[in-house]
Amino acid sequence: MSVEIRQVHPIFVGEVSGIDVRKPLSPQEVAAIEAGMDRYAVLIFHDQDITDEQQLTFTKNFGPLQDGANTTVRSKELRLDPAFADVSNLDKDNRMLPRDDRRRISSLGNRLWHSDASFRPVPARYSLLSGRVVPPTGGNTEFADMRAAYDALDKATKAEIEDLVCGHSLIYSRAQLGFTEYTTEELATMEPAMQRLVRRHPVTGRKSLFLSAHIGTIAGWPQPEALAFIRDLTEHATQPAFVYSHKWRAGDLVIWDNRQTMHRVRRFDDLSHVRDLRRTTTMSEGPTVTAQAA
Ligand code: OGA
Ligand code: MN
């Protein structure tokens, strides 16, 4: 069966058929998925009932793994292999996390628009999120197209932002929600990473806005002015015309290109319903800035 992709949003997002994620892919299939990612930036695969091992094997088709990409605040005992980001509301015994659980509180950062691992010097390429158990209502994942967001800026703004560099850290995104308690050990891993605000896709050459809730500074700018501007750009970039909302079905696998999109999760009743999503992540080609300005 050949790979087919049906666009499901006016500007991006494709639904893929003709791929069984459990089976080894041919080079042609990998190429078709990558071409689809370059074009649609988000791809949805339905009815993929996969194991963790199958997810890892599939992920490795798309570059080196970014391990623990989102698990700086670690619970001592991980439920999943450390190659996974555990995007669930479950502890290692598969019990729902209580309201005041530190991992639960930290994961609320996913409710803010972001790009995965933008706080790492080499940020993420693809994120692959597998829906194992999904809640009956709420918990949609929303995606915004940062290429469309860039294209829609006026000429003066494009010129102004062309060479801006932003500081990204988990500290900044968590602080927006009032989360400020870290161990010294954790803080050592949270040094800001510097990233260009405008980046160019290595294959298509399209420019996009590299925005993320992890941004806390713009190099050379007073911080309040930087934060106000980033807030304006984020509002522009996440206007409804640029956003797709994914309602999860069990067995969905969603892949997004962190170089071209932002995403966030919407609220759901996580104290009464299980939501077990598991993410693997691959690394992008390199830093977006060549010299890491401090
Ligand atoms: C992620 C993430 C959103 C969600 O896995 O990177 O932000 O819907 N998850 O849980
Ligand atoms: Mn994320």
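Residues numbered from 1 in each chain as written. Chains lettered and ligands numbered in written order. Predicted model: local features only at pLDDT ≥ 70, side-chain atom pairs only at ≥ 80, totals over all residues. Heavy atoms only, no water.

## Topic: the overall build of the protein chain
The line we're drawing: For helices the rule is a DSSP run of H or I covering at least 4 residues; for strands it is a run of E covering at least 2, with both sets numbered from the N terminus onward. Our radius of gyration is a C-alpha quantity, and the globule rule it is checked against amounts to 2.2 Å times the number of residues to the power 0.38. The cut-offs for exposure are 20% and 50% of the maximum accessible area for each residue type, with area from a 1.4 Å probe on protein chains only; residues under the lower value are buried, those over the upper are exposed, and the others partly exposed. Here the open area of atoms and residues is found with the Shrake-Rupley method and a 1.4 Å probe, where only the protein chains shown may cover a residue. Counted as positive: Lys and Arg. Counted as negative: Asp and Glu. His and the chain ends are not counted at all. Note that the charge is assigned to NZ on lysines, CZ on arginines, CG on aspartates and CD on glutamates.
A count of helical and extended segments in the protein chain gives eight helices and 15 strands. The C-alpha radius of gyration computed for the protein chain amounts to 18 Å, which stays within 12% of the reference 19 Å derived for 294 residues, consistent with globular compactness. Its C-alpha atoms give the protein chain principal-axis dimensions of roughly 50 × 45 × 35 Å. For the protein chain, with 294 residues in total, the buried portion stands at 55%. Accessible surface computed for the protein chain: about 13,600 Å², of which carbon and sulfur atoms make up 52%. The average position of the 37 basic charges and that of the 39 acidic charges among the side chains of the protein chain differ by 2 Å.

## A few points about the confidence of the model for the protein chain
When pLDDT is low, close inspection of the predicted coordinates is not appropriate. Which entries qualify depends on this criterion: Confidence scores labelled pLDDT are given residue by residue by the predictor and lie between 0 and 100.
Mean pLDDT over the protein chain works out to 95, with 95% of the residues at or above the 70 mark. The spread of mean pLDDT over the elements of the protein chain runs between helix H7 (residues 184-188), the lowest at 90, and strand S6 (residues 141-145), the highest at 99.

## Things to note about the sheet that holds S6
Cut-off, in case you're wondering: Each pair of strands is called paired provided DSSP finds at least two bridges between the two strands. Interaxial angles span 0 to 180 degrees and are taken between N-to-C directions of axes, which are lines fitted to C-alpha atoms, for helices over the stretch in contact.
Taken in spatial order, the three strands make up an open sheet running S12-S6-S14, and their pairing is antiparallel. At either end of the open sheet lies a strand with only one pairing partner, and these are strand S12 (243-246) and strand S14 (261-265). Across this sheet, the average inter-strand angle for adjacent strands is 20°, counted without regard to direction. Examined bridge by bridge, S6 and S14 share five bridges and lie antiparallel to one another. Across the sheet, the residue bridging to Phe 143 is His 263, located in S14.

## Some points on the coordination of the manganese ion (ligand 2)
Six octahedrally arranged donors around a metal ideally form angles of 90 or 180 degrees; four tetrahedrally arranged donors ideally form angles of 109.5 degrees. Keep this limit in mind: Only N, O and S atoms count as donors, using a 2.8 Å cut-off from the metal and 3.2 Å for Na, K and Ca, and because water is excluded some sites may appear unfinished.
In the first shell of the manganese ion (ligand 2), the protein supplies His 114 (NE2), Asp 116 (OD) and His 263 (NE2), at 2.1 Å from the metal. Mapped onto the sequence, the donors of the manganese ion (ligand 2) take the spacing H-x1-D-x146-H. A single burial state applies to His 114 and to Asp 116, both of which are buried.

## What to know about the site of ligand 1
For the record, the criterion: When we say a residue is near a molecule or strand, we mean one of its heavy atoms is within 4 Å of it. What qualifies as a polar contact is a pair of N or O atoms within 3.5 Å, subject to a donor-acceptor requirement within protein and to the restriction that residues adjacent in sequence count only when both atoms come from side chains. Any residue with an atom within 4 Å of a point lines the site, the site being either a cavity, points on a 1 Å grid over the protein atoms alone where a 1.4 Å probe fits but cannot get out, or a pocket, an open set with protein on both sides within 12 Å along at least 5 of 7 lines. Grid points define the cavity or pocket, and a molecule sits in it when more than half of its atoms lie within 2 Å of them. As a working rule, the residues Ala, Val, Leu, Ile, Met, Phe, Trp, Tyr, Cys and Pro are called nonpolar, Asp, Glu, Lys and Arg charged, and the rest polar, with Gly in that last group.
Residues in contact with ligand 1, as listed here, are Val 87, Asn 110, His 114, Asp 116, Leu 129, Thr 141, Trp 256, His 263, Val 265, Arg 275 and Arg 279. At a separation of 3.1 Å, an oxygen atom of ligand 1 approaches a polar side-chain atom of His 114. Within the side chain of Thr 141, an N or O atom sits 2.5 Å from an oxygen atom of ligand 1. Here ligand 1 is seated within the largest cavity. Considered class by class, the residues forming the shell around ligand 1 number four nonpolar, four polar and three charged.

## Points about the environment of Gln 239
Along the chain, Gln 239 falls in the loop between helix H8 (223-237) and S12. Exposure remark for Gln 239: the relative accessible area of 31% places this residue in the partly exposed category. Separated by 129 residues in the primary sequence, Gln 239 and Asn 110 place their C-alpha atoms 18 Å from one another.

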